Amino acid sequence: MQTRFALLLALAAVGGCAAGVENTEARQQVDDRAIALPIIPAGTKADSILVDKSDRTLILYKADKEIARYEGIRFGNAPDGHKRFEGDERTPEGRYTINGRNPGSSYHLSLRISYPNTADRAYAEARGKSPGGDIFIHGQPNGRDGPTMKSDWTDGCIALSNAEIEQIWEVVPDGAAITIQP
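Treat the numbers as computed from the prediction; the structure is a model and nothing was measured. (Residues numbered from 1 in each chain as written. Predicted model: local features only at pLDDT ≥ 70, side-chain atom pairs only at ≥ 80, totals over all residues. Heavy atoms only, no water.)

Focus: the packing of aromatic side chains
Okay, so step 1: Overall, the coordinates contain 3 aromatic pairs when judged by the stated rule.
Okay, so step 2: Here Tyr107 and Trp153 contribute two aromatic rings whose centre-to-centre distance is 5.7 Å and whose plane-to-plane angle is 45 degrees, an arrangement assigned as tilted. Placement of Tyr107 in the loop between β6 (94-102) and β7 (110-113) and of Trp153 in the loop between β8 (135-138) and β9 (158-159) is noted, with a sequence separation of 46 residues between them.
Okay, so step 3: The class of Tyr107 is partly exposed, set by a relative accessible area of 33%.
Okay, so step 4: Judged by relative accessible area, Trp153 falls into the buried class, the value being 16%.
Okay, so step 5: The cationic tip of Lys129 hangs over the ring face of Phe85; the distance from NZ or CZ to the ring centre is 4.5 Å. (Phe/Tyr/Trp six-rings, centres within 6.5 Å; stacked < 30°, edge-to-face > 60°. Helix = DSSP H or I, 4+ residues; strand = E, 2+ residues; numbered from the N terminus. Buried < 20%, exposed > 50% of the residue type's maximum accessible area, 1.4 Å probe, protein only. Lys NZ or Arg CZ within 6 Å of the ring centre and 35° of its normal.)

Description of the confidence of the model for the protein
Okay, so step 1: Across the protein, the average pLDDT comes to 83, with 80% of residues at 70 or higher.
Okay, so step 2: In this model, residues 1-33 is a region of pLDDT below 50 whose contacts with residues beyond four sequence positions or in other chains number 40 contacts. (pLDDT = per-residue confidence, 0-100. Contact = heavy atoms within 4.5 Å.)

Examining the pattern of salt bridges
Okay, so step 1: All told, the structure shown has 6 salt bridges when counted by the stated rule.
Okay, so step 2: Here Glu93 makes a salt bridge to Lys53, at a shortest N to O gap of 3.0 Å. Placement of Glu93 in the loop between β5 (65-71) and β6 and of Lys53 in the loop between β3 (48-52) and β4 (57-62) is noted, with a sequence separation of 40 residues between them.
Okay, so step 3: Judged by its relative accessible area of 17%, Glu93 is buried.
Okay, so step 4: The class for Lys53 is buried, based on a relative accessible area of 8%.
Okay, so step 5: Taking the shortest distance from any N to any O, the salt bridge between Asp152 and Arg56 comes out at 2.7 Å. (Salt bridge = Lys/Arg side-chain N within 4 Å of Asp/Glu carboxyl O.)

Set out below in structure tokens:
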């Protein structure tokens, strides 16, 4: 009965989307909590991403129109400020692109962010340090049982639930622009 209700709810939400209703969501059980996954019409691809660190949101856009919003995202252990050096556990700020994906990630699925850019490398090198790298949008650690981690825990990446990264993985192509703001 619950499965049938969920299917009807999802179909109604998709119908609402087709009729021009915005911000339609379907509730999905993830770990120990129900989260709202946006309903994104099949075949839709995002061309840009906005990450707002202070609001802890990740928003997908197509042609400057919001198509999905994810809240409560997690960052590096030291989330305030721009990533400057390897090991500082900060999440970068600025404009980058999605420049690869790893289906065999240690964190469910992961999309690579093009950090460091030329300015990031120059800043670190001028101080005799490495800027670091391997910054991704990803899910939870593989093999993790239990709820989605609720505090900042990465080394500078952007973490979501596994269900959220699965949806983002399907919608965000390589080359999509990503802006990460404080």
